[in-house]
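Spelled out, the chains give:
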Amino acid sequence: MLEFKAALSIASACPRCDDFRSDRINRHRQIGPACLERANNGHQPVGSQKTRLGCRPIHRTVSNGLNLRAMPQDPPRRIERRLSAILAADMAGYSRLMHSDEEPTHTKLAGLLTDAVNPAITEHGGRLVKNTGDGFLAEFPSAIEAVRAAIQFQASVKNLTIGDVEDTRIAFRVGVNVGDVIVESQDIFGDGVNIAARLESIAEPGGICISASAYDYIRGKVGVEFADLGEQNLKNIDRPVRAYAAVLAAQAESARPNPLSPPHLSIVVLPFANLSGDPAQDYFVDGVTESLTTDLSRIRGSFVIGRHTAFTYKDKAVELKEIGRELNIRYVLEGSVQRSGKQLRVNVQLVHAGTGAHLWTDRFDKPIADLFEMQDEIVSHLANALNAQLTELEAKRSELSPHRDSMDLCFQGKASWNRGWTPEHMAQARAFFERALFLDPGNIEAMVGMSISWLELASLPTNELRIL
């Protein structure tokens, strides 16, 4: 054993042993004479050859007793992960405010982060992971504390900006999610972070939107009610995420009837884009837009912007939120038509005009036959799908309002129909239509819905009616 250790020590210090390659040999070669002197004490080379032959006895001893390739290597660094409550927030209208008044906006934002946001995060046991220019990312060990911090700093920001002009008032949108994250010293990563950021994008200014995973932890524990927004298709998230919106005092006030608020189920169909590269196809694309506008106007309770107004936006790069403000509408429908050989593809997206969030998308592929027949088929397919989708969206929106009117309740009744004509759904629909008629006895939509509900329930067997 002693002979082996001595041999290893000399071979490691030997500047002439090219077969024993290690970091120590390289260092000794750089040291030079001192290493040579130590190596030559009891380890003389044969003759004057400066080759590996001079190290033959020791090299043999080392190579026979040590397998260098079998030596254990340092294990790869383990990626740190943990379950966290992630809070993502951004400032609503940041680009517009920075463009119009850069320095005051930056100063106000910095002051709100210092005076309202950071103290709330610290008080509730969170840590500020990073600032993102127009927002920030924070991590908490508890979903309850994350939501409490959000509620606290949203209230503080509202109080600190209450005297500002509305067009220059700063408000944050907040998203909260619970998920597994990858932890680095200055950042966190993962699907859980992405979902929190996407939830923030669909929150109202001054509002809080949370995922179902966070809602399961905080339900009934934070002193604020949450409205179910249903399944949301979030950008770049491959599965629907159920979302909930906090019903805060500020939102309850803004939800009161306002003569300037967009009408129920108000929508504009923007001119579809012709992606075929053939100007001769413009007539077909414009025909799809016009026919779809006509069919959507047949949906009861809808408010559809006329084609002449809609076509003023053709080939113009205008932000959808700005279109929503100019036309005072809730929804924007946009799409494209592409022809390739004998195949035609139509893509369509329904967008919330207030937030810019994508609410619904669809794609229609069809072999090219008679173009007018195809146009009717495409429009019919999209109109039927949009009818159900818009009704469901209006029903969900009305659930958030503490001051639901008669038409809100009608949309909730229609949404119950669309979920299936079962005894339970028919009974739910009837109840909504009854309440709608109580608020507005002259509501024709509610009368029709009430009649249909009663006819369907009357056709059920007696034993099924007893359970309702």
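Residues numbered from 1 in each chain as written. Predicted model: local features only at pLDDT ≥ 70, side-chain atom pairs only at ≥ 80, totals over all residues. Heavy atoms only, no water.

Caption draft 1: Just the overall build of the protein, in detail. Within the protein, the regular secondary structure consists of 18 helices and 14 strands. The burial tally for the protein puts 42% of its 468 residues in the buried class. A total of about 25500 Å² of accessible surface is found on the protein, and carbon and sulfur atoms cover 51% of it. (Helix = DSSP H or I, 4+ residues; strand = E, 2+ residues; numbered from the N terminus. Buried < 20%, exposed > 50% of the residue type's maximum accessible area, 1.4 Å probe, protein only. Areas by Shrake-Rupley, 256 points an atom, 1.4 Å probe, with all protein chains shown as cover.)

Caption draft 2: Spotlight on the nonpolar core. Counting residues in hydrophobic clusters, the biggest one holds 40 residues, and the most contacted among them are Leu87, Ile210 and Phe226. Elements represented by at least two residues in this core include exactly strand S1 (81-91), helix H6 (102-123), strand S3 (135-140), helix H7 (143-160), strand S4 (172-183), strand S6 (208-211), helix H9 (212-218) and strand S8 (241-246). A total of nine residues in this core trace back to one element, the largest contributor, which is H7. Ranked by size, the runner-up nonpolar core spans 27 residues in total, among them Leu265, Leu292, Leu350 and Phe364. (Core = buried A, V, L, I, M, F, W, Y, C linked by side-chain atoms within 4.5 Å.)

Caption draft 3: Molecular detail of the side chain of serine 266. Mapped onto the secondary structure, serine 266 falls in strand S9 (residues 266-269). For serine 266, a relative accessible area of 0% corresponds to the buried category. There is a polar contact of 2.9 Å between the side chain of serine 266 and the backbone nitrogen of arginine 330. In contact with serine 266, not counting residues within four places along its chain, are Phe303, Asn328, Ile329, Arg330 and Tyr331. (Polar contact = N/O pair within 3.5 Å; in protein donor to acceptor, adjacent residues only side chain to side chain. Contact = heavy atoms within 4.5 Å.)

Caption draft 4: Seen up close, the packing of helix H16 (residues 423-439) against helix H17 (residues 444-458). Here H16 crosses H17 at 150°, and the two axes come no closer than 9 Å. The orientation of H16 relative to H17 falls into the category roughly antiparallel. Like other packed secondary-structure pairs, H16 and H17 cross with a definite hand, here left-handed. In contact with Pro423, Met426, Ala427, Ala429, Arg430, Phe433, Glu434, Ala436 and Leu437 of H16, H17 contributes Glu445, Ala446, Met447, Gly449, Met450, Ser453, Trp454, Glu456 and Leu457. Classifying every residue of the contact of H16 with H17 gives 12 nonpolar, two polar and four charged. (Axes fitted to C-alpha atoms, helices over the stretch in contact; angles between N-to-C directions. Parallel < 35°, antiparallel > 145°, perpendicular 65-115°, else oblique. Left-handed = near helix turned anticlockwise from the far one by under 90°. Nonpolar A, V, L, I, M, F, W, Y, C, P; charged D, E, K, R; others polar.)

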